[in-house]
Amino acid sequence: MKLTEFTAGDLPQLIMYDLDGTLVDSIPDLAISIDAMLDDMNLPKAGEDKVRLWVGNGIPSLVKRALVDDMAGDQPGIVSREVFIKAYDNFKHHYAIEVGQHSHLYPGVKDFLQAMADNGVKQAIVTNKSEFFTEKLLQMMGIDQFFEISLGGDSLDEKKPHPLPLLHAIEKTEASQNTALMIGDSSNDIKAARAAGVKVIALPYGYNHGVPIEASNPDLIVPTLDKLL
């Protein structure tokens, strides 16, 4: 399906994208950094398969999950503040070195971003990744020029699945809810889009804690972004 068919003829004024698992496969960098953190703390390494399940709620949750080797690690009281702060600082040290080194764009991403830019569509990043690492990864992937605004998980008082980041991006780009579109790969993206009152397209190849994205009932699922062209 072409995007114009999905949007009844007119392209959106604004397209908001998740980053990790939507535009970029960043698991290799994250897994290397998590394993280095765990090794420094004399804990067993996790590996890419586990890190892939843990990604999606921001770096603090990823670190906490890794510390206890379980998705429940980011629940209050599971990890002591002292241990978390030490691990979090350690992870950021390693990730600052690794970010973008082993990541790659998913097929069709750059073609789609360029096509939307050529057609005057405003584009924004709305991710739960921290703002610093978001900007660095966008630059490393050579796509930072496409986005009018980039919001990380620490840019505002709330992050996805709260609708605030989406509504903020809509306001800042002078779009409207009925002319905006969210594209993501996880239930957080679907929930945030629904709460913000915007349509949402999902990609099936990303990070959704091992649950098929179909279970979140997006408006449309496409195998790659270039299928919308």
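The name given to the protein chain in an unreviewed UniProt entry is Phosphoglycolate phosphatase, with Endozoicomonas euniceicola as the source organism. According to its UniProt record, the protein chain has this under Cofactor (unreviewed entry): "Mg(2+)". In its Sequence similarities (unreviewed entry) section, the UniProt entry covering the protein chain states "Belongs to the HAD-like hydrolase superfamily. CbbY/CbbZ/Gph/YieH family."

By size, the foremost hydrophobic cluster in this structure holds 54 residues, and its most contacted members are Tyr17, Leu23, Ile34, Met37, Val51 and Val63. Here the element with the most residues in this core is helix 2 (residues 27-40); it accounts for six residues. Excluding residues within four positions of it along the chain, Leu23 makes contact with Tyr17, Asp18, His104, Leu105, Tyr106, Val109, Ile125, Ile143, Phe147 and Leu225. Ranked by size, the runner-up nonpolar core spans 20 residues in total, among them Ala124, Ile149, Leu166 and Ala202.

Next up on the list: the packing of helix 2 against helix 5 (residues 81-98). As a packed pair, helix 2 and helix 5 sit with axes 8 Å apart at the nearest point and diverge in direction by 140°. Compared by their axis directions, helix 2 and helix 5 come out oblique. The crossing of helix 2 and helix 5 is right-handed. Across the interface between the two elements, Asp29, Leu30, Ile32, Ser33, Ile34, Ala36, Met37 and Asp40 of helix 2 pack against Ala87, Asn90, Phe91, His94, Tyr95 and Glu98 of helix 5.

This part takes up unusual backbone geometry. The omega angle of the peptide bond from Lys160 to Pro161 is 15°, so this bond is cis rather than trans. Mapped onto the fold, Pro161 is located in the loop between strand 5 (149-151) and helix 8 (164-172). Although it is not a glycine, Asn42 adopts a positive phi angle of roughly 60°. Looking at the element boundaries, Asn42 is found in the loop between helix 2 and helix 3 (48-54).

About the thresholds
Residues numbered from 1 in each chain as written. Predicted model: local features only at pLDDT ≥ 70, side-chain atom pairs only at ≥ 80, totals over all residues. Heavy atoms only, no water. UniProt positions renumbered as here; feature names shortened; annotations may be inferred. Core = buried A, V, L, I, M, F, W, Y, C linked by side-chain atoms within 4.5 Å. Buried < 20%, exposed > 50% of the residue type's maximum accessible area, 1.4 Å probe, protein only. Helix = DSSP H or I, 4+ residues; strand = E, 2+ residues; numbered from the N terminus. Contact = heavy atoms within 4.5 Å. Axes fitted to C-alpha atoms, helices over the stretch in contact; angles between N-to-C directions. Parallel < 35°, antiparallel > 145°, perpendicular 65-115°, else oblique. Left-handed = near helix turned anticlockwise from the far one by under 90°.

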